Amino acid sequence: MKEIIKEFIEASPGKMISYAQYMELALYHPEEGYYIKERQKIGKKGDFYTSSNVADVFGKLIGKWFAKNSGTLGLPPCVCEIGAGNGRFARAFIQGWNELNDERLSYWIVEASPYHRKLQAAELDGLENVDILHADAYEETGMEKGLIFSNELFDAFPVHVVEKSGSVITEVFVGYENGQLKETMVPVMDDRITAFLNDQEIELSEGQRMEIPLTYEPFMKSIAEHFSKGIMVTVDYGYTKEEWMHPSRRRGSLRGYYQHQMIHDVLQHPGEMDLTSHVHFDALKIIGEEYGLNFVRKMRQDEFLMAAGILDELAEHHDTNPFSEASKRNRAIRSLILPGGISQSFDVIVQAKGMGSMDEKLF
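Read on for an overview of the structure. Keep in mind that what you see is a predicted model, and the values were worked out from it rather than measured. (Residues numbered from 1 in each chain as written. Predicted model: local features only at pLDDT ≥ 70, side-chain atom pairs only at ≥ 80, totals over all residues. Heavy atoms only, no water.)

**Here's the deal with the overall build of the protein chain**
- On a plain count of helices and strands, the protein chain comes out with 12 helices and 17 strands.
- Relative to its length of 363 residues, the protein chain is compact, with a C-alpha radius of gyration of 21 Å against a globular reference of 21 Å.
- Taken over the C-alpha atoms alone, the protein chain extends approximately 60 × 45 × 40 Å along its principal axes.
- Scored against the burial criterion, the 363 residues of the protein chain give a buried share of 54%.
- Of the contacts formed within the protein chain by residues at least 6 apart in sequence, a portion of 74% connects residues at least 24 apart.
- Accessible surface for the protein chain amounts to roughly 16,400 Å². Of this, 49% is attributable to carbon and sulfur atoms.
- Between the mean site of the 38 positive side-chain charges and the mean site of the 56 negative ones, the protein chain shows a separation of 4 Å. (Helix = DSSP H or I, 4+ residues; strand = E, 2+ residues; numbered from the N terminus. Rg over C-alpha atoms; globule rule 2.2 N^0.38 Å. Buried < 20%, exposed > 50% of the residue type's maximum accessible area, 1.4 Å probe, protein only. Contact = heavy atoms within 4.5 Å. Areas by Shrake-Rupley, 256 points an atom, 1.4 Å probe, with all protein chains shown as cover. Lys, Arg positive; Asp, Glu negative; His and termini not counted. Charge placed at Lys NZ, Arg CZ, Asp CG, Glu CD.)

Given below as structure tokens:
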């Protein structure tokens with residue numbers, strides 16, 4: 001992968017590429033990209049965990065939540081999950097739906113990774129009305145109404161990186177010198193970056209670095225153009241504009257995860273390491289509003305799960321066996337809601353289109 005990136009750099013103007021181009025290559029190159037290659041990424045033998053892999057109760061509960069609310073919201077039994085990992089969330093969601101609702105659920109997965117599509121097909125084998133699409137665009141589903149769901153999707157979008165240096169906003173590029181990938185900075189030339197900073201009213205301090213997610217807008221536009229009525233639920237980690245300005249975040253949030261270790265130097269292990277940055281929540285809200293995906297609510301994940309009824313999933317039992325299904329489920333639920341658990345690092349963003357005022361209808 002490093003050699004591929006080197007060749008791409010040497011063929012580029014100025015012999016440098018943006019971080020967005022670097023991430024696109026490292027994560028999504030059609031043969032050597034991290035998400036494309038056939039290797040385990042999620043779980044103990046991978047590089048990171050997700051809530052849906054900590055416990056099936058996560059997907060099951062959200063399936064129940066939609067089963068209880070779809071009728072009240074006037075939505076058909078249709079779900080599209082974008083970026084579905086190994087398919088465990090989808091299976092759990094469908095199970096939760098089926099426990100509470102007799103309507104036949106249609107479930108689409110939009111997945112760019114051939115490796116993950118294969119895992120999803122195996123995980124969901126035998127389930128009816130599940131379509132796994134060999135695409136990375138929502139319009140392929142044909143779903144105009146329902147629920148769109150994603151978990152840790154936006155944090156993997158390629159981002160540009162800027163830094164204020166000597167009172168000038170510079171873009172950080174990736175070059176190649178003496179056999180090593182290296183950073184180089186030049187004054188921002190991309191008007192889209194300047195427009196993003198202006199639109200979000202972001203004023204960087206001297207030495208502050210930040211990721212700029214220009215890919216949000218075309219993605220949200222694609223969703224909105226083909227989605228006429230429903231809710232979009234996004235689970236991810238990120239910051240509001242005010243939180244970005246905290247001194248502890250002055251070096252940005254772009255990180256790598258390699259064998260469950262956080263790597264600050266994202267130029268290490270290209271193609272072998274997950275790359276991620278924190279989501280700009282305010283940008284997601286503002287861009288969504290521009291295309292009719294109206295902001296409804298932002299909640300911390302544990303708060304969302306509590307409101308959705310996760311405590312009802314706790315089993316009352318007197319089984320002293322710590323390996324029983326009830327014991328394992330109860331431990332998983334506690335891991336999702338106890339202070340210091342995984343849920344306190346995530347937020348749930350709810351946006352809606354064609355729904356009118358609906359905050360009070362959610363729970």
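**Here's the deal with the nonpolar core**
- In terms of nonpolar packing, the biggest core is built from 43 residues, with Trp 65, Phe 93 and Tyr 107 touching the most fellow members.
- It is helix H4 (residues 57-73) that provides the largest number of residues to this core, a total of eight residues.
- Among the nonpolar cores identified, the runner-up in size contains 37 residues, and Met 210, Met 232, Ala 283 and Ile 349 belong to it. (Core = buried A, V, L, I, M, F, W, Y, C linked by side-chain atoms within 4.5 Å.)

**Concerning the packing of helix H8 (residues 216-225) against helix H10 (residues 281-290)**
- The geometry of H8 relative to H10 is characterised by a closest axis approach of 9 Å and an angle of 40° between their N-to-C directions. Looking at the two axes, H8 sits oblique to H10. Seen from above, H8 lies across H10 with right-handed handedness. Contacts between H8 and H10 involve Tyr 216, Glu 217 and Met 220 on the former and, on the latter, Ala 283, Leu 284, Ile 287, Gly 288 and Glu 290.
- Here the residues of the contact of H8 with H10 sort into five nonpolar, one polar and two charged. (Axes fitted to C-alpha atoms, helices over the stretch in contact; angles between N-to-C directions. Parallel < 35°, antiparallel > 145°, perpendicular 65-115°, else oblique. Left-handed = near helix turned anticlockwise from the far one by under 90°. Nonpolar A, V, L, I, M, F, W, Y, C, P; charged D, E, K, R; others polar.)

**Quick word on the pairing of strand E7 (residues 168-177)**
- Bridge count for strand E1 (residues 17-18) against E7 is two bridges, and the pairing is antiparallel. Among the inter-strand pairings, Ser 18 is bridged to a residue of E7, identified as Phe 173.
- Pairing geometry for strand E6 (residues 160-165) and E7, over four bridges, is antiparallel. Residue pairing for E7: Lys 164 is matched across the bridge by Ile 169.
- With antiparallel pairing between neighbouring strands as the criterion, E6 and E7 make up a hairpin whose turn holds two residues, including Gly 166 at a positive phi of roughly 60°.
- Two strands pair when backbone bridges link them, and E7 and strand E8 (residues 180-187) are joined in this way by eight bridges, in the antiparallel orientation. Opposite Tyr 176, over in E8, you have Leu 181 as the bridge partner.
- Following E7, the chain reverses through two residues before pairing antiparallel with E8; Asn 178 in that reversal takes a positive phi of roughly 55°. (Pairing = 2+ DSSP bridges.)

**Quick word on the sheet that holds strand E14 (residues 274-276)**
- The three strands lie next to each other as E13-E12-E14, forming an open sheet whose pairing is antiparallel. Every interior strand has two partners, whereas the edge strands, strand E13 (261-263) and E14, have only one. Put simply, the sheet's adjacent strands are angled 30° from each other on average, direction ignored.

**Focus on the pattern of salt bridges**
- Within this structure, the stated rule accounts for 18 salt bridges.
- The shortest N-O distance in the salt bridge between Glu 128 and Arg 104 comes to 3.7 Å. Note that Glu 128 is positioned in the loop between helix H6 (114-123) and strand E4 (130-134) and Arg 104 in the loop between helix H5 (88-100) and strand E3 (106-111), a separation of 24 residues in sequence.
- Judged by relative accessible area, Glu 128 falls into the exposed class, the value being 60%.
- Judged by its relative accessible area of 56%, Arg 104 falls in the exposed class.
- The salt bridge involving Arg 300 is made with Asp 302; its shortest N-O contact spans 2.8 Å.
- Put simply, Asp 56, Arg 88, Arg 91 and Glu 123 are held in one network by salt bridges that share partners. (Salt bridge = Lys/Arg side-chain N within 4 Å of Asp/Glu carboxyl O.)

**Side note on the packing of aromatic side chains**
- Scanning the entire structure with this criterion turns up 18 aromatic pairs.
- A ring pair is formed by Tyr 239 and Trp 244, whose centres lie 5.0 Å apart and whose planes are at 85°; its orientation type is edge-to-face.
- Residue classification places Tyr 239 among the buried positions, given a relative accessible area of 15%.
- Here Trp 244 falls in the buried class, since its relative accessible area comes to 2%.
- Grouping aromatic residues by their ring pairs yields a cluster made of Phe 58, Phe 66, Phe 89, Phe 93, Trp 97, Tyr 107 and Phe 149.
- Just above the ring of Tyr 239 sits the side chain of Arg 249; from NZ or CZ to the centre is 4.1 Å.
- Sitting over the ring of Phe 295, Lys 285 keeps its end group 4.7 Å from the ring centre. (Phe/Tyr/Trp six-rings, centres within 6.5 Å; stacked < 30°, edge-to-face > 60°. Lys NZ or Arg CZ within 6 Å of the ring centre and 35° of its normal.)

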